[in-house]
Amino acid sequence: MRITQSSVPVDDQEKALRFYTETLGFQKKHDIPMGEHRWITVVSPEDPDGTELCLEPDEHPAVKPFKSALVKDGIPFTSFAVRDIAAEHQRLKSLGVRFTQPSIDYGTITAAVFDDTCGNLIQITQGSMES
Amino acid sequence: MDDLYRAIADPTRRAFLDDLIERDGQSLFELCRRLTMKHGIGSSRQAISQRLEVLQSASLVMARREGRYKFHWFNENH
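The notes below deal with the structure included here. (Residues numbered from 1 in each chain as written. Chains lettered and ligands numbered in written order. Predicted model: local features only at pLDDT ≥ 70, side-chain atom pairs only at ≥ 80, totals over all residues. Heavy atoms only, no water.)

## Describing the pattern of salt bridges
Within the structure shown, the criterion is met by 17 salt bridges over all chains. With its nearest N and O atoms 2.7 Å apart, the salt bridge here joins E14(A) to R38(A). With E14(A) in helix α1 (residues 13–23) and R38(A) in strand β3 (residues 37–43), this residue pair connects regions lying 24 residues apart in the sequence. Overall, R38(A) belongs to the partly exposed group, its relative accessible area being 25%. When salt bridges with common partners are traced through the structure, they connect E22(B), R23(B), E30(B), R34(B) and K38(B) into a single cluster. (Salt bridge = Lys/Arg side-chain N within 4 Å of Asp/Glu carboxyl O. Helix = DSSP H or I, 4+ residues; strand = E, 2+ residues; numbered from the N terminus. Buried < 20%, exposed > 50% of the residue type's maximum accessible area, 1.4 Å probe, protein only.)

## What about the packing of helix α3 (residues 28–39) of chain B against helix α4 (residues 45–57) of chain B?
All names here are of chain B. Taken N-terminus to C-terminus, the directions of α3 and α4 make an angle of 105 degrees; their axes are 11 Å apart at the nearest point. The orientation of α3 relative to α4 falls into the category roughly perpendicular. In contact with L28, F29, L31, C32 and L35 of α3, α4 contributes R45, I48, S49 and L52. (Axes fitted to C-alpha atoms, helices over the stretch in contact; angles between N-to-C directions. Parallel < 35°, antiparallel > 145°, perpendicular 65-115°, else oblique. Contact = heavy atoms within 4.5 Å.)

## With respect to α4(B)
Residues and elements named next belong to chain B. The terminal C-alpha atoms of α4, which comprises 13 residues, lie 18 Å apart, in line with the 18 Å expected from a rise of 1.5 Å per residue. Among the residues making up α4, those that are buried are I48, L52, V54 and L55. Seen along its axis, α4 keeps its buried residues to an arc of 155 degrees; they face one direction. The outward face of α4, more than 90 degrees from its buried face, is lined by the exposed residues Q46 and E53. Those residues of α4 hidden inside the fold are in contact with α1 (2–8), α2 (11–22), α3, β1 (61–66) and β2 (69–74). At the C-terminal side of α4, S59 shows a positive phi close to 60 degrees. (Expected span 1.5 Å × (residues − 1). Arc of directions from axis to C-beta.)

## A word on the packing of α2(B) against α4(B)
Residue and element names in this part refer to chain B. Their axes nearest at 10 Å, the elements α2 and α4 cross at an angle of 75 degrees. Judged by the angle between their axes, α2 and α4 are roughly perpendicular. Across the interface between the two elements, T12, R13, F16 and L17 from α2 touch I48, R51, L52, V54 and L55 from α4. Of the residues that constitute the contact of α2 with α4, the class distribution is 6 nonpolar, 1 polar and 2 charged. (Nonpolar A, V, L, I, M, F, W, Y, C, P; charged D, E, K, R; others polar.)

Below is the structure:
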């Protein structure tokens, strides 16, 4: 068994596609109409055949309260690995990304948390977790 | 005054104060992470929330909503 896809629940798929590609730098892999929504996935340009991230509509009534509760407590929905977290933190900040936690060195990993503008917090890490 | 002494009698609660002095304005997630990673204290999030409430009722820590986020601050004016 392999993990080929993961997902984030987003409040607006078009806005999410812009943020995850133009701001974060992922590439669109699939964009298929599915009724009133789309099946959209993005991949990392560093691993275009790797795990796809699905930008999934958050319309189920249980999802929004769940997301709000996580955001209130600063809990990231998911986590991505970066090579140079200080540079990435600066790059994203200069693009206007709101960080709820700056880059903090915990010894084995360094981690920062930002708002994806679609109702989620996302963690980026550098260190042994992704190696 | 009783609240104050009670609040700082617990090493975990003192660790929170140390962390907030190091960096003010932390989310619950960041406080929990620091407690585990820096102090080796593996409390549940619920237990940590309760400890924060003790610090808040002793006016040592303030919690403030900023839009959709909630951050914790060390109350310097205590």
